[in-house]
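Structure at a glance
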Amino acid sequence: MSPALLRGVDRAAFAVAFAGRLRRAGVPAGLTDIDDFVRALAASPPDSMATLYWTARISLVRRHADLAAFDRVFAAVFADAPPLPPTNRSATPAGGRDDVHVPVPSGTADDGPGGGLPWATLPPVVAEAPESDAALRLPERRPSALAGLAERPFDELDAAQVAALGDALRAAVAGWPTRRTRRHAVSAAGRRIALRPTIARARRTGWEVVEVVRERPVRRPRRVVLLCDVSESMRAQAAAYLHLMRAFAVVAEAEVYAFATTLTRLTVVLRHTSAAEAVEQASAAVTDRYGGTRIATNLRALLASHHADAVRGAVVVIGSDGWDSDPPDELATVMARLRRRAYRIVWLNPRAGAPGFAPRAGGMAAALPHCDQLLPAGTFQDLLVAARQLQSVTCTDGRKWPMLTPAPRIIA
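All residue numbers refer to position in the chain's written sequence, counted from 1. Confidence filtering applies because this is a predicted model: local features only for residues at pLDDT of at least 70, side-chain atom pairs given and counted only at 80 or more, and all residues used for totals across whole chains, interfaces and linings. Heavy atoms from the whole structure form the basis of all side-chain values; hydrogens and water molecules are not counted.

**Describing the overall build of the chain**
The condition is simple: Counting from the N terminus, the helices are DSSP H or I runs at least four residues long and the strands are E runs at least two residues long. Three exposure classes are used, based on accessible area relative to the maximum for each residue type with a 1.4 Å probe and protein chains only: buried under 20%, partly exposed in between, and exposed over 50%. Contact between two residues is taken to exist if any of their heavy atoms lie within 4.5 Å; hydrogens are not considered.
Along the backbone of the chain there are 14 helices and eleven strands. In the chain, which comprises 412 residues, the proportion classed as buried is 40%. Of the contacts made within the chain by residues no fewer than 6 positions apart, 72% connect residues no fewer than 24 positions apart.

Have a look at this one:
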């Protein structure tokens with residue numbers, strides 16, 4: 001046999017003709033397969049019939065079911081060629097597998113070519129799956145641990161679950177918006193010319209302005225103040241609201257307070273690096289928790305304290321069910337004062353998400369006209385949605401607040 005089996009033969013014409021015979025026999029040999037076959041013949045010209053067989057088989061056959069048809073076409077085209085050596089499973093060494101072929105189950109008992117496949121084209125075949133409906137079923141998709149806890153009431157969660165969801169709350173407020181201040185800082189991307197630095201540098205060049213210094217407004221996180229009710233009617237939500245306050249205290253540098261009959265500042269305590277330690281210290285600091293509720297008195301105490309400037313221009317978030325021991329007219333008066341000083345007032349009510357909810361409580365009805373938003377906060381999903389909506393509060397001209405980072409995805 002000559003060193004080159006197809007010497008003087010047009011490889012492209014041969015590949016197209018052979019692929020046409022395969023297509024008529026039912027083997028889907030397309031243009032891409034023909035191009036692979038031509039490139040394989042050019043890269044490694046076959047010097048034997050076995051080499052030509054494997055080159056054509058690797059290039060033109062893509063499915064195991066087409067092997068029998070390919071063998072028939074190849075045998076018909078090269079009918080006068082000497083028989084190929086056996087390449088099926090019976091040719092493998094005893095006690096092991098060869099390095100070229102892997103066993104392939106076949107519907108026939110032929111010992112001709114095609115009894116095995118190169119390892120580079122087909123992995124070992126596994127046992128056929130039983131013919132039943134169970135083999136066609138897709139794996140069941142289950143919710144994640146956080147998604148499964150997001151809709152459960154707070155009183156059904158243990159301390160570890162509340163802590164895990166507290167981390168999700170902290171991630172939810174990671175993109176707290178910023179606001180434009182009156183201060184300016186030197187920046188090459190600024191649009192405003194900084195006169196003093198520009199004139200100071202012109203002194204070095206004979207008062208000729210060679211280098212223009214630009215500045216831009218300084219942006220700072222929008223100030224936020226949280227006041228959460230820890231009275232007896234809010235016992236189930238107290239731990240979750242502490243984690244909400246810690247999320248704002250750590251990420252947005254918020255001023256956070258807990259109140260029942262008196263007002264307790266928890267800003268420094270809740271900024272502890274350990275969430276469990278912060279919540280434990282905050283629980284110990286609130287000495288009047290699970291008692292009565294005096295919302296109007298506590299808001300008046302905040303406006304009279306030396307921390308009252310923190311409310312000016314801030315987003316004030318009040319978490320309470322609206323049950324108040326103070327008269328409703330007093331709460332309406334202090335809410336009006338707070339509304340004139342704050343930028344936005346958002347009220348979180350754990351019962352607002354219940355079907356048929358109406359603000360019939362005296363304190364809630366008195367405070368509602370002075371609030372910009374009333375949001376449900378009975379589950380962690382509600383708290384995550386509330387955190388997202390707090391970030392999307394619009395300015396007076398309708399523009400969105402600029403975000404430090406993209407808003408996190410809410411638990412599905």
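Now, onward.
**Examining helix 11 (residues 295-304)**
Each turn of an α-helix holds 3.6 residues, which means side chains three or four residues apart point in the same direction. What counts, and what does not: It is the directions from the helix axis to the C-beta atoms whose arc is reported.
Here helix 11 has its buried residues at Ile295, Ala296, Asn298, Leu299, Leu302 and Leu303. Take helix 11 and look down its axis: the buried residues cluster within an arc of 165°, on one side only. The inward-facing, buried residues of helix 11 abut strand 6 (224-229), strand 7 (255-259), strand 8 (263-265), strand 9 (315-319), helix 12 (328-341) and strand 10 (344-349).

**Examining the side chain of aspartate 229**
Put simply, the test is: Positive charges come from Lys and Arg alone, negative charges from Asp and Glu alone, with His and the N- and C-terminal ends not counted. By salt bridge we mean one thing: a side-chain nitrogen of Lys or Arg within 4 Å of a carboxyl oxygen of Asp or Glu.
Structurally, aspartate 229 can be placed in strand 6. Arginine 351 provides the closest opposite charge to the buried, unpaired aspartate 229, separated from it by 7.9 Å. Excluding residues within four positions of it along the chain, aspartate 229 makes contact with Met234, Phe259, Thr293, Gly319, Ser320 and Asp321.

**Brief notes about the packing of helix 6 (residues 159-172) against helix 8 (residues 235-251)**
Cut-off, in case you're wondering: Lines fitted to C-alpha atoms define the axes here, with helix axes fitted over just the stretch in contact, and angles between the N-to-C directions of these axes take values from 0 to 180 degrees. By definition, any crossing whose near helix is turned counterclockwise from its far helix by less than a right angle is left-handed, and any crossing with a clockwise turn is right-handed. As a working rule, the residues Ala, Val, Leu, Ile, Met, Phe, Trp, Tyr, Cys and Pro are called nonpolar, Asp, Glu, Lys and Arg charged, and the rest polar, with Gly in that last group.
Two elements in contact, helix 6 and helix 8, have axes separated by 9 Å at closest approach and are oriented at 35°. In terms of crossing hand, the pair formed by helix 6 and helix 8 is right-handed. Taken together, the residues of helix 8 that come into contact with helix 6 (itself represented by Val162, Ala163, Gly166, Leu169 and Arg170) are Ala239, Ala240, His243, Leu244, Arg246, Ala247, Val250 and Val251. Class assignment for the residues of the contact of helix 6 with helix 8 results in nine nonpolar, two polar and two charged.

**Examining the packing of aromatic side chains**
What characterises a pair of aromatic rings is the spacing of the ring centres plus the angle enclosed by the ring planes. Heads up, the condition is: Note on aromatic pairs: the rings of Phe, Tyr and Trp (six-membered ring only in Trp) are paired at centre separations within 6.5 Å, and the planes decide the class, stacked below 30 degrees, edge-to-face beyond 60, tilted for the rest.
What the rule picks out here adds up to eleven aromatic pairs. Measuring from centroid to centroid gives 6.2 Å for phenylalanine 18 and phenylalanine 74, while their planes differ by 90°, and the two rings are edge-to-face. Of the two residues, phenylalanine 18 sits in helix 1 (residues 11-24) while phenylalanine 74 sits in helix 4 (residues 67-77), which places them 56 residues apart along the sequence. For phenylalanine 18, a relative accessible area of 3% gives the class buried. Geometrically, the ring pair formed by tyrosine 53 and phenylalanine 70 is tilted, given 5.6 Å between the ring centres and 55° between the ring planes.

**Description of the sheet that holds strand 9**
Definition in use: Strands qualify as paired when DSSP identifies two bridges or more between them.
With mixed pairing, six strands are arranged side by side in an open sheet as 8-7-6-9-10-11. Single-partner strands in this sheet number two, and they are strand 8 and strand 11 (373-376). Between one strand axis and the next, the sheet turns through 20° on average, direction left out of account. Summarising the sheet, strand 6 and strand 9 pair through five bridges and their orientation is parallel. The residue bridging cysteine 228 from the neighbouring strand is glycine 319, located in strand 9. The strands touched by helix 8 are strand 6, strand 7, strand 9 and strand 10; relative to strand 6, the strand with the most contacts, the crossing angle is about 170°.

**A few points about helix 8**
Note the following rule: Multiplying one less than the number of residues by 1.5 Å gives the expected span of a helix.
Over its 17 residues, helix 8 runs 25 Å from end to end, which matches the ideal 24 Å to within 8%, given 1.5 Å per residue. Most of helix 8 is tucked away, with twelve of its 17 residues classed as buried. Buried within helix 8 are the following residues: Gln237, Ala238, Ala240, Tyr241, Leu242, His243, Leu244, Met245, Arg246, Ala247, Phe248 and Ala249. A positive backbone phi angle near 55° is found at glutamate 253, which sits one or two residues after helix 8.

**Re the side chain of arginine 246**
For clarity, the threshold we go by: Pairs of N or O atoms within 3.5 Å make up the polar contacts considered here, provided that, within protein, one atom can donate a hydrogen while the other can accept it, and that residues adjacent in sequence are counted only when both atoms are side-chain atoms.
Residue position: arginine 246 is located in helix 8. Aspartate 167 is the oppositely charged side chain nearest to the buried, salt-bridge-free arginine 246, at an N-O distance of 5.3 Å. In this structure the side chain of arginine 246 is engaged in a polar contact, spanning 2.8 Å, whose partner is the backbone oxygen of histidine 272. Sequence-distant contacts of arginine 246, that is, excluding residues within four places in its chain, are made with Arg170, Leu270, His272, Thr273, Ser274, Ala275 and Ala278.

**A short note on the confidence of the model for the chain**
Stated precisely, the cut-off is as follows: Scored from 0 to 100, pLDDT records how confident the predictor is in each individual residue.
When the pLDDT values of the chain are averaged, the result is 78; 77% of them are 70 or greater. Mean pLDDT per element in the chain: strand 2 (residues 116-118) is the minimum at 43, and helix 11 is the maximum at 94. The low-confidence segment residues 84-129, where pLDDT is below 50, has 64 contacts with residues more than four positions distant or belonging to other chains. Counting contacts from residues 394-412, a segment whose pLDDT is below 50, to residues more than four positions away or on other chains yields 47 contacts.

**Some points on empty space enclosed by the protein**
The cut-off we apply is this: Lining residues are defined by having an atom within 4 Å of a point belonging to a cavity or pocket. Those points lie on a 1 Å grid over the protein atoms alone, cavities being sets where a 1.4 Å probe fits but cannot get out and pockets being open sets with protein on both sides within 12 Å along at least five of seven lines. Grid points are joined across faces, edges and corners, and a volume is the space filled by probe spheres set on the points.
Tallying each qualifying case throughout the model produces two cavities of 30 Å³ or more. Forming the walls of the largest cavity are Val230, Ala238, Leu242, Ala282, Ser283, Val286, Arg289 and Tyr290. Broken down by secondary-structure element, the contributors of at least two residues to the lining of the largest cavity are helix 8 and helix 10 (275-285). A breakdown of the residues in the lining of the largest cavity according to their chemical character gives six nonpolar, one polar and one charged. Computed from the structure, the second largest cavity encloses a volume of approximately 40 Å³. Lining the second largest cavity we find Ala163, Gly166, Asp167, Arg170, His243, Arg246, Ala247 and Ala275. When residues of the lining of the second largest cavity are traced back to their parent elements, those giving at least two are helix 6 and helix 8. In terms of residues, the lining of the second largest cavity owes the most to one element, helix 6, which gives four residues. The residue inventory of the lining of the second largest cavity, partitioned by class, reads three nonpolar, two polar and three charged.

**Description of the sheet that holds strand 5 (residues 214-221)**
With antiparallel pairing, the three strands of this open sheet are ordered in space as 3-5-4. Whereas interior strands pair on both sides, the edge strands pair on one side only; in this sheet they are strand 3 (178-186) and strand 4 (192-193).

**Considering unusual backbone geometry**
Of note, tryptophan 207 is a non-glycine position whose phi angle comes to about 60°, a positive value. Given the relative accessible area of 58%, tryptophan 207 is considered exposed. Backbone geometry at glutamate 253 places phi at a positive 55°, although glycine is not the residue there. Owing to a relative accessible area of 62%, glutamate 253 belongs among the exposed residues under this scheme.

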